[in-house]
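# A look at the structure
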Amino acid sequence: MTGVPTSFSRVTLSRIMVQTDVNLYGTVHGGAIMKFIDDAAGAAAARHAGGNAVTASIDEIVLSTPVRVGDLVHAQAQVNWVGRTSMEIGVRVLAERWNEAGTEPLTVATAYLVFVHVDAEGKPQPIRPVVPETPTDKQRLHEAEIRREHRLARRQAILASRDRT
């Protein structure tokens, strides 16, 4: 299969956070940010795969700065790595404070998710390779390979420990 440039999968979703997104502390609920991350990652995955893609796992989500009602929030996503039927999507979430016009957006969250390309029956399908275009894309690919190795090693260690009990 012909490879697809990294830039092909890049997406940015934006939305203003509203009162229904708020938790008991008066900031946007982490779950609202997580869903937004999953939506952006799903859009990037579907774009790269050229069809359906479903969330298989979430490697990491770091919620680093609270988001407030009225903030304009952007989720930027791209495919970092592609295997046979799965791919890693990296997501960065930025917030523009509603009351601080003209300031740089804050990075409020980062995440890495694994998606699987599936057909209409939900069966995994082969995915086109990703072709990194920049040094940053190459670094993201390399780091995604490290995360994949860790996922597989963790899975093997857990299965091995179950065999001993």
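Residues numbered from 1 in each chain as written. Predicted model: local features only at pLDDT ≥ 70, side-chain atom pairs only at ≥ 80, totals over all residues. Heavy atoms only, no water.

### Quick look at the pattern of salt bridges
Once their charged atoms are close, side chains differing in charge can pair, the charge on each being opposite to the other. Under the defined criterion, the tally for this structure stands at six salt bridges. Measuring nitrogen to oxygen at the nearest pair gives 3.0 Å for the salt bridge that ties K35 to D39. On the criterion of helical spacing, the pair formed by K35 and D39 is a turn pair, its members being four residues apart in helix α2 (residues 30-49). For D39, a relative accessible area of 33% corresponds to the partly exposed category. When the shortest N-O distance is used, the salt bridge between R147 and E88 registers 2.8 Å. (Salt bridge = Lys/Arg side-chain N within 4 Å of Asp/Glu carboxyl O. Helix = DSSP H or I, 4+ residues; strand = E, 2+ residues; numbered from the N terminus. Buried < 20%, exposed > 50% of the residue type's maximum accessible area, 1.4 Å probe, protein only.)

### Topic: the nonpolar core
By size, the foremost hydrophobic cluster in this structure holds 31 residues, and its most contacted members are I37, M87, I89, V91, V93 and F115. Looking at this core, the elements with two or more residues in it are α2, β4 (72-82), β5 (86-96) and β6 (106-117). Excluding residues within four positions of it along the chain, V91 makes contact with I37, A41, A75, Q76, A77, A109, T110, A111 and L113. (Core = buried A, V, L, I, M, F, W, Y, C linked by side-chain atoms within 4.5 Å. Contact = heavy atoms within 4.5 Å.)

### Notes on the sheet that holds β6
Strand order in this open sheet of five strands is β2-β4-β5-β6-β3, and the pairing throughout is antiparallel. Since the sheet does not close on itself, it has two edges, and those belong to β2 (11-16) and β3 (53-63), each with one partner. Averaged over all adjacent pairs, the angle separating strand axes in this sheet is 25°, with direction ignored. Pairing geometry for β3 and β6, over nine bridges, is antiparallel. (Pairing = 2+ DSSP bridges. Axes fitted to C-alpha atoms, helices over the stretch in contact; angles between N-to-C directions.)

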